[in-house]
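# A structural walkthrough
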Amino acid sequence: MTNSAWHLAGVLLWRQWREQSRRLVWMPVGFALVLGAITVLAFSVPGVLTPLTRRALDTAMTLYFHRIHGAVALGLAFLVFQSPYFIALFASLTGSQIAQASIGGEWVRGGFELLLSAPYRPQVLYVAFLVSDLLLTIWGFVWLAAVSLGVSLGVLVAMGVHLVSLPRQYFVMALVLPLPIALFANLIALTLTFMFPKLAQIRAGGTANVIQTLAILPAVLLIFVVTLHPAIHPMRVAEYAIAAGIIGALGLVTLLRRWFNVETLLET
């Protein structure tokens, strides 16, 4: 990575932080609070869970928390076997929105014309956007994981659960699993936005657009897998998910490096 790419990545980071610093904090924090609310409801009002989710949690309770009963067992099952994947989903949503905001911001202000008129090669532009977006995604994940885990562990302590009794794999999944999935989502959004800018403007329903929907698809599929097949050991699912996220991210980096054509953005 050349010095010019590092310099441009720093400039892009500073500009995005200046323009949307509040959003870069409150977006992941908001998602974390939503997850915290879901966790509290799972503990206190189990009836809000869908029948499919309840069956999956009952299976997890039978397999891993057979010595614990009632709402505590149900809440622990949700924390250990569901919440890491919801963290991955919200982190993916954060990463995809960061990618689209960075490209969209430059597109609206005419920044790509200015960057192309400067002495930057297209490859430098690609690396700079890649680095700045990945760093912002990591930043969002840190906030999301810290707040959501803080709320979840606070609920556990309030209910009298000793943290030493919490399975170690929960911390592994909650801290390790979501990040590669989020980076993968960021790269999916970045790749599709670079290659098909008009897709970012096509709504798929509500406030989500096509690119955002495709970017969070791996995280959504993970939730379906752990819900439909709760008997599969969570660490096995986590290992495959982490590997898939890393391989997918590296693959997209390679493809985007070959296919990147900034002139495509100027034609929209």
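Rules of the game
Residues numbered from 1 in each chain as written. Predicted model: local features only at pLDDT ≥ 70, side-chain atom pairs only at ≥ 80, totals over all residues. Heavy atoms only, no water. Helix = DSSP H or I, 4+ residues; strand = E, 2+ residues; numbered from the N terminus. Buried < 20%, exposed > 50% of the residue type's maximum accessible area, 1.4 Å probe, protein only. Contact = heavy atoms within 4.5 Å. Patch = residues over 30% accessible without salt bridge, like charges linked within 9 Å, V, L, I, M, F, W, Y side chains within 5 Å. Areas by Shrake-Rupley, 256 points an atom, 1.4 Å probe, with all protein chains shown as cover. Salt bridge = Lys/Arg side-chain N within 4 Å of Asp/Glu carboxyl O. Core = buried A, V, L, I, M, F, W, Y, C linked by side-chain atoms within 4.5 Å. Expected span 1.5 Å × (residues − 1). Arc of directions from axis to C-beta.

## What to know about the overall build of the protein chain
The number of helices and strands found in the protein chain is 12 helices and two strands. In the protein chain, the succession of α and β elements from N to C terminus is α-α-α-α-α-α-α-α-β-β-α-α-α-α. By residue count, 50% of the 268 residues in the protein chain fall in the buried class. A sequence separation of at least 24 residues applies to 81% of the contacts in the protein chain between residues at least 6 apart.

## A word on a nonpolar patch on the surface
Side chains of Trp 17, Trp 139 and Trp 143 sit close together on the surface and give an oily, nonpolar patch of about 290 Å² of accessible area. Position of Trp 139 among the secondary structure elements: in helix α6 (residues 122-158). In this structure Trp 139 comes out as partly exposed when scored by relative accessible area, which is 33%.

## A look at the side chain of Thr 137
Tracing the sequence through the fold places Thr 137 in helix α6. If we ignore the near neighbours within four places in the chain, the residues touching Thr 137 are Gly 95, Ile 98, Ala 182, Leu 183 and Asn 186.

## Here we look at the side chain of Ser 96
Tracing the backbone shows Ser 96 in helix α4 (residues 83-109). When sequence neighbours within four positions are dropped, the list of residues in contact with Ser 96 reads Ala 185, Asn 186, Ala 189, Gln 212, Ala 215 and Ile 216.

## Section: the nonpolar core
Formed by 44 residues in total, the largest nonpolar core has its most connected members in Tyr 85, Leu 144, Leu 177 and Ile 181. Only α1 (3-44), α2 (51-64), α3 (70-81), α4, α6, α8 (178-195), α10 (217-228) and α11 (234-259) provide two or more residues apiece to this core. For this core, the element with the highest residue contribution is α4, accounting for nine residues. Excluding anything up to four places from it in sequence, Leu 144 contacts Pro 28, Phe 31, Ala 32, Ile 87, Phe 90 and Ala 91. One finds Ala 5, Leu 8, Tyr 126 and Leu 252 within the second-largest nonpolar core, a separate group that totals 29 residues.

## Looking at α10
Its 12 residues give α10 an end-to-end C-alpha distance of 16 Å, which sits within 8% of 16 Å, the value for a rise of 1.5 Å per residue. Three or more residues of α10 are buried, namely Ala 219, Leu 222, Ile 223, Val 226 and Thr 227. On an axial view of α10, the arc spanned by its buried residues comes to 130°, and they lie on one face.

Function cannot be inferred from these measures alone, as they are strictly geometric.
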